[in-house]
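# Results of the structural survey
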Amino acid sequence: MRAEVHENLMTEKETSISVVVPILESGVALRALKSDLCAALAGVDYEVIFVDDASREPTRLLLVEIIARWPEARRISCPTRLGQHAATWLGLCAASRSVVVTLDDDGQFAAADIKTLLAALTDDAMIVYGKPRRSAHPIARKTLSVVTRTASRFLPNSLVAKRVRFVSSFRCMHRALIARAVRDGGPPHFVDSLLLRHARTVASIAVDHHPSRVGRSRYHMRDLAQHVARILMQNWQKAGGRG
C-alpha cells in the first residue's frame, strides 16, 4: 500500500529531488546527460549536483558551460582525485531536497528510470537500487564490482552482506537517511556501507543497462586494488573499534 502512495511522487508539487552525479573525464557525454535529466525531471522541483573528481580541462570547461545555462545545476570541484565513492559522498552531503538520487555520468543507467526507483521508495524502504537486467559493463568494470562486493561480504560486521545482495551506483533514497549517515561519520570509501547502516529495509528494482557513452572504462587495476584496500581498512578499523 505504501508503494502505491509513492507511485505519483514525480508529479506531486511537494516532491523535490536532488540528483548527485560524480563525473570523471565525461566529455561530451555531459550534453546528453543534461538532456536526459531535463526530460526525466520536467515539472519537478529538482537540483543537479555535479561532483567533478579532478577531471582535466576539456571536461571541466564543458561542465562550466553547461551549468551556466542550467539554473538547477551546480558543481563541486575536487582539487585532487578522490574516487567515485568519496566524490558521491560530497554530493550527498550537499543535497538539499527531500529525495536524493545518485546517477553515473556515462549514461549506462537511464535518467528516465529515476521514476522507476522513486515508485519503490517507501517509509520502510529508505533506499532503492537500480539493478541491471543485463550488465553492459566492460570486463574491467565488472571485475571491480564483483571484487568490491566480495570483499565487503567477507568482512566482519559487514552490513552490506547482511542487508542486501546487490548494490549499484544508481540509488534513490530519502534525505533523512543521509542525515543519519552524516552523523555516523565519513567520508566513506564504500558509501553503501555507511548508508545501509541506517536503512531499515532496502529494495532493488530491475532497470535497463546501456553501453557507456564515454567509451572504455576509466577504471584501472591500480584503482581497483586501492579501492578494495580502502574498503578492507575502513571496515577492519570499525570492527576493531567495536571490540
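Attention shifts here to the overall build of the protein chain. Helix and strand counts for the protein chain come out as ten helices and seven strands. By sequence separation, contacts in the protein chain at least 24 residues apart represent 83% of the contacts at least 6 residues apart. Per element, the accessible surface of the protein chain, about 11700 Å² overall, is 54% carbon and sulfur.

Right, let's talk about the sheet that holds strand β3 (residues 73-77) for a bit. Strand order in the open sheet formed by seven strands is β3-β2-β1-β4-β6-β5-β7, and the pairing between neighbours is mixed. What marks the edges here is a single partner per strand, and that holds for β3 and β7 (201-207). The average undirected angle you get between the axes of adjacent strands in this sheet is 20°. Relative to strand β6 (residues 171-174), strand β4 (residues 99-102) runs antiparallel, the two sharing four bridges. Each residue of the ladder has a partner; that of threonine 102, found in β6, is arginine 171.

In this structure, Ile17, Val19, Leu37, Val48 and Phe50 are the most contacted members of the largest nonpolar core, which totals 35 residues. Of all hydrophobic cores here, the second largest spans 24 residues; its members include Leu92, Val100, Met126 and Ile178.

A separate point is unusual backbone geometry. For glutamate 25, which is not glycine, the phi dihedral falls at a positive 50°. In this fold, glutamate 25 is placed in the loop between β1 (16-23) and α2 (29-40). Residue class for glutamate 25 comes out partly exposed when judged on its relative accessible area of 21%. Positive phi outside glycine occurs at alanine 54, with the angle close to 60°. Position of alanine 54 relative to the elements: it lies in the loop between β2 (45-52) and α3 (57-68).

Note on aromatic pairs: each is described by the distance of the centres and the angle between the planes. The final tally for this structure, using the stated rule, is two aromatic pairs. Both rings, one in phenylalanine 109 and one in phenylalanine 170, keep their centres 5.2 Å apart while their planes meet at 35°; by these two values the pair is tilted. Of the two residues, phenylalanine 109 sits in the loop between β4 and α5 (114-120) while phenylalanine 170 sits in the loop between α7 (159-163) and β6, which places them 61 residues apart along the sequence. Phenylalanine 170 gets classed as buried once you look at its relative accessible area, which sits at 0%.

Next up on the list: the pattern of salt bridges. Following the criterion strictly, the structure yields nine salt bridges and no others. One salt bridge connects glutamate 47 with arginine 97, and the closest N-O pair in it is separated by 3.5 Å. Here glutamate 47 is found in strand β2, whereas its partner arginine 97 is found in the loop between α4 (84-94) and β4, with 50 residues between them in sequence. A salt bridge links aspartate 208 to arginine 133, with the nearest nitrogen and oxygen atoms 2.8 Å apart. Of this pair, aspartate 208 sits in the loop between β7 and α10 (221-242) while arginine 133 sits in the loop between β5 (125-132) and α6 (139-153), and the two are 75 residues apart along the sequence.

This part is about the packing of α4 against helix α8 (residues 175-184). Between α4 and α8, the shortest axis-to-axis distance is 10 Å and the interhelical angle comes to 115°. Here α8 runs roughly perpendicular to α4, going by the angle between their axes. Once α4 is placed against α8, the crossing between them reads as left-handed. Each of Trp89, Leu92 and Cys93 in α4 lies in contact with α8, whose residues at this interface are Arg175, Ile178, Ala181 and Val182. Split into classes, the residues belonging to the contact of α4 with α8 amount to six nonpolar, no polar and one charged.

Further remarks concern the pairing of β3. Sheet analysis places β2 next to β3, joined by five bridges and oriented parallel. Counterpart to isoleucine 49 in the pairing with β3 is arginine 74. Note on the crossover from β2 through α3 to β3: the handedness is right-handed.

Parameters at a glance
Residues numbered from 1 in each chain as written. Predicted model: local features only at pLDDT ≥ 70, side-chain atom pairs only at ≥ 80, totals over all residues. Heavy atoms only, no water. Helix = DSSP H or I, 4+ residues; strand = E, 2+ residues; numbered from the N terminus. Contact = heavy atoms within 4.5 Å. Areas by Shrake-Rupley, 256 points an atom, 1.4 Å probe, with all protein chains shown as cover. Pairing = 2+ DSSP bridges. Axes fitted to C-alpha atoms, helices over the stretch in contact; angles between N-to-C directions. Core = buried A, V, L, I, M, F, W, Y, C linked by side-chain atoms within 4.5 Å. Buried < 20%, exposed > 50% of the residue type's maximum accessible area, 1.4 Å probe, protein only. Phe/Tyr/Trp six-rings, centres within 6.5 Å; stacked < 30°, edge-to-face > 60°. Salt bridge = Lys/Arg side-chain N within 4 Å of Asp/Glu carboxyl O. Parallel < 35°, antiparallel > 145°, perpendicular 65-115°, else oblique. Left-handed = near helix turned anticlockwise from the far one by under 90°. Nonpolar A, V, L, I, M, F, W, Y, C, P; charged D, E, K, R; others polar. Right-handed = clockwise from strand over helix to strand, strands pointing away.

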